Amino acid sequence: MAFLQVNFFSEVLEMASTLNVILPERTHRQIGLQGRASDGPHPTLYLLHGLSDDHTIWCRRTSIERYVAPLGLAVVMPNVHRSFYTDMHSGGRYWTYVSEEVPEVARSFFRLSAAREDNFVAGLSMGGYGAFKLALRQPEKWGAAASLSGALDLANRPCEERIHDDFVRIFGTHKRLVDSPDNLLRLIDEAEMTGRVLPRLWACCGRDDFLLPDNRRFIAHAHKCGVPVEYVENEGAHDWGYWDTHIQTALKWMLASGAEA
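In short, a report on the structure. (Residues numbered from 1 in each chain as written. Predicted model: local features only at pLDDT ≥ 70, side-chain atom pairs only at ≥ 80, totals over all residues. Heavy atoms only, no water.)

### Digging into the overall build of the chain
Piece 1. Looking only at helices and strands, the chain features nine helices and eight strands.
Piece 2. The C-alpha radius of gyration computed for the chain amounts to 17 Å, which stays within 12% of the reference 18 Å derived for 261 residues, consistent with globular compactness.
Piece 3. Projecting the C-alpha coordinates of the chain onto the three principal axes gives extents of approximately 55 × 40 × 35 Å.
Piece 4. Within the chain, the proportion of its 261 residues that are buried is 57%.
Piece 5. In the chain, once contacts between residues fewer than 6 apart in sequence are set aside, the share between residues at least 24 apart is 73%.
Piece 6. Per element, the accessible surface of the chain, about 11,400 Å² overall, is 51% carbon and sulfur.
Piece 7. The distance from the centre of the 27 positive side-chain charges to the centre of the 33 negative ones in the chain is 2 Å. (Helix = DSSP H or I, 4+ residues; strand = E, 2+ residues; numbered from the N terminus. Rg over C-alpha atoms; globule rule 2.2 N^0.38 Å. Buried < 20%, exposed > 50% of the residue type's maximum accessible area, 1.4 Å probe, protein only. Contact = heavy atoms within 4.5 Å. Areas by Shrake-Rupley, 256 points an atom, 1.4 Å probe, with all protein chains shown as cover. Lys, Arg positive; Asp, Glu negative; His and termini not counted. Charge placed at Lys NZ, Arg CZ, Asp CG, Glu CD.)

Quick look at the structure:
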């Protein structure tokens, strides 16, 4: 695998930005790795971080580089700070950044596939929310999406004091969030009403995770609306041990779903 850091000026955010990127590489000489790469444009996973982290965290806290080496999968990891992957009420246009500019920039630097069946998105916590928002708002662009311990029902979640100021900067008011395309449950309702063909969706959450009620509400609402989401609920908490384990499951599921598409 090749690990690279891309520094560029974001026209959307009007500031310097950085992407961390893992590229497939054919190799048998890296200890513990057996790399695989396709001849054509690489299938790509956009891997999203949580609220208190950044674009470096998946490589620092998990073995994601080792997990994707035999899969021939590129990984793009953007930094959206504490934005919830949203065009903020008072702040940067991070939804536009991650949904439009990041894929465009990544593909301008590297040989990455733009085909729907070759593009996947996953994330943890805030990143799980971001992954499902991308899948539900841009279903034509994604083959599959995975949420690990995602914050999937912000509209019905009590706003904790520690993130109250963030919430106001990002969403403005609770009513604005509920009535906006930043509300995942509203996006599920729209998918039911319009009959849009969605990417395959997969979610997991540990039984000791404080976001477990959010996941259960989202899954129940999706199933009520006839939107299929594969859901795994198991032992675990909101921590890197859980995510390091279950990103491996998510990778196998995403690539299997891509093969079926």
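Now, onward.
### A short note on the packing of aromatic side chains
Aromatic rings in a pair are described by how distant their centres are and how their planes are angled relative to each other.
Piece 1. Summed over the entire model, instances satisfying the criterion amount to eleven aromatic pairs.
Piece 2. Note on Tyr46 and Trp142: the rings are 5.5 Å apart at their centroids and 85 degrees apart in plane angle, and the pair reads as edge-to-face. Of the two residues, Tyr46 sits in strand 3 (residues 44-48) while Trp142 sits in the loop between helix 4 (126-137) and strand 6 (144-148), which places them 96 residues apart along the sequence. Across the pair, Trp142 and Tyr46 agree in class, each one buried.
Piece 3. Ring geometry for Phe84 against Tyr129: centres 5.5 Å apart, planes inclined by 70 degrees, an arrangement best described as edge-to-face. Of this pair, Phe84 sits in the loop between strand 4 (74-77) and helix 3 (94-109) while Tyr129 is found in helix 4, placing the two residues 45 residues apart along the sequence.
Piece 4. Looking at Tyr129, the relative accessible area reads 1%, which means it is buried.
Piece 5. In this arrangement the basic side chain of Arg137 is found over the ring face of Trp95, its NZ or CZ atom lying 4.1 Å from the centre. (Phe/Tyr/Trp six-rings, centres within 6.5 Å; stacked < 30°, edge-to-face > 60°. Lys NZ or Arg CZ within 6 Å of the ring centre and 35° of its normal.)

### Digging into the sheet that holds strand 4
Piece 1. Strand order in the open sheet formed by eight strands is 1-2-4-3-5-6-7-8, with mixed pairing between adjacent strands. The open sheet has two edge strands, strand 1 (2-10) and strand 8 (230-234), and neither has a second partner. This sheet shows a mean twist of 15 degrees between the axes of neighbouring strands, independent of strand direction.
Piece 2. Sheet analysis places strand 6 next to strand 7 (residues 200-206), joined by five bridges and oriented parallel. Looking at the pairing, Ser147 lines up with Ala203 of strand 7.
Piece 3. Of the strands in this sheet, strand 3, strand 5 (119-124), strand 6 and strand 7 touch helix 4, which is tilted by about 150 degrees from strand 5. (Pairing = 2+ DSSP bridges. Axes fitted to C-alpha atoms, helices over the stretch in contact; angles between N-to-C directions.)

### Some remarks on helix 4
Piece 1. With twelve residues, helix 4 should cover 16 Å at 1.5 Å per step; its first-to-last C-alpha distance of 16 Å lies within 8% of that length.
Piece 2. Summarising burial for helix 4: eleven of the twelve residues are buried, a large majority.
Piece 3. Among all positions in helix 4, only Met126, Gly127, Gly128, Tyr129, Gly130, Ala131, Phe132, Lys133, Leu134, Ala135 and Leu136 are buried. (Expected span 1.5 Å × (residues − 1).)

### Quick word on the nonpolar core
Piece 1. Grouped together as the largest cluster of nonpolar side chains are 58 residues, with contacts concentrated most on Leu19, Phe84, Tyr97, Phe132 and Phe218.
Piece 2. Those residues in contact with Leu19, other than ones at most four positions away along the chain, are Leu4, Gln5, Val6, Phe8, Val76, Met77, Pro78, Tyr97, Val102, Val105 and Ala106.
Piece 3. Among the nonpolar cores identified, the runner-up in size contains 29 residues, and Leu47, Leu73, Leu251 and Met254 belong to it. (Core = buried A, V, L, I, M, F, W, Y, C linked by side-chain atoms within 4.5 Å.)

### Considerations on the environment of Ser52
Piece 1. Structurally, Ser52 is set in the loop between strand 3 and helix 1 (57-61).
Piece 2. Along the chain, Ser52 and Ala74 lie 22 residues apart, while their C-alpha atoms are 24 Å from each other.

Purely spatial values, then, with no claim about function.
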